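Given next are the chains, with one letter for each unit.
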Amino acid sequence: MDTVGLFEAKTHLSELIARAERGEEVIITRHNKPVARIVPIAAAAPDAAARRNAVNALLRGARGRTLGLDWRALRDEGRR
C-alpha cells in the first residue's frame, strides 16, 4: 500500500486508477493525514458474493419453518 499527497493524486489520477485496476491500494493524504483510499472494486466482489451465498444458505435452511409469529395476530394488534 502506497501513500500519495493530495496534489500528486490530482495530477496523477489516471496513474492511480491504473494501479487500482492492477489490484494495488493507494492512500491519499492531506497535510500528512490519511483522508481517502483508492482500492480496486474487484477486491470487494468476493465479500459480496460470500454474503449473498450465506444469506441464500440461511433461507434454504429455514424453508418450512416459522418464527413463531402469527401475521394475523400482529395485524390485529396494530388495529387496536
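Throughout what follows, the structure given in this document is the object of discussion. Note that the structure is a prediction, hence the values are computed from the model and not measured. (Residues numbered from 1 in each chain as written. Predicted model: local features only at pLDDT ≥ 70, side-chain atom pairs only at ≥ 80, totals over all residues. Heavy atoms only, no water.)

## As for the overall build of the protein chain
Put simply, the rule reads: The helix and strand labels rest on DSSP assignments: H or I over at least four residues marks a helix, E over at least two residues marks a strand, and numbering proceeds from the N terminus. In this setup the radius of gyration rests on C-alpha atoms only. A globule is expected at 2.2 Å times the number of residues raised to 0.38. Three labels apply to residues, based on accessible area from a 1.4 Å probe with only protein chains included: buried if under 20% of the type maximum, exposed if over 50%, partly exposed otherwise in between. In what follows, residue pairs with any heavy atoms lying within 4.5 Å of each other are defined as contacts.
Counting its secondary structure elements, the protein chain contains 4 helices and 3 strands. Computed over the C-alpha atoms, the radius of gyration of the protein chain is 24 Å, more than 25% above the 12 Å expected from 2.2 N^0.38 for a compact globule of 80 residues. If one aligns the C-alpha atoms of the protein chain with their principal axes, the spans along those axes are about 65 × 30 × 20 Å. Taking all 80 residues of the protein chain together, the buried fraction comes to 14%. Sequence separation of 24 or more characterises 22% of the internal contacts of the protein chain that already satisfy a separation of 6 or more.

## Here's the deal with the pairing of strand S3 (residues 33-38)
Applicable threshold: A strand pair is defined by DSSP finding two or more bridges across the two strands.
Sheet topology places strand S2 (residues 26-30) next to S3; 5 bridges connect them, and they run antiparallel. Its bridge partner being in S3, Ile27 is matched across the sheet by Arg37. Linking two consecutive strands that pair antiparallel, namely S2 and S3, is a turn of 2 residues; a positive phi of about 55° is found at His31 within it.

## Some thoughts on the side chain of Thr29
For Thr29, the location among the structural elements is in strand S2. Owing to a relative accessible area of 11%, Thr29 belongs among the buried residues under this scheme. Every residue in contact with Thr29, bar those within four places of it in the chain, is listed here: Thr3, Val4, Gly5, Leu6, Pro34 and Val35.

## Observations concerning the sheet that holds S3
Applicable threshold: Axis lines are fitted through C-alpha atoms, for helices just across the contact stretch, and the angle between N-to-C directions can take any value from 0 to 180 degrees.
The 3 strands are arranged S1-S2-S3 in an open sheet whose pairing can be described as mixed. Of all strands in the sheet, those bounded by a partner on one side alone are strand S1 (2-5) and S3. Averaged over all pairs of adjacent strands, the angle between strand axes in this sheet comes to 35°, irrespective of strand direction.

Just distances and angles here, no functional claims.
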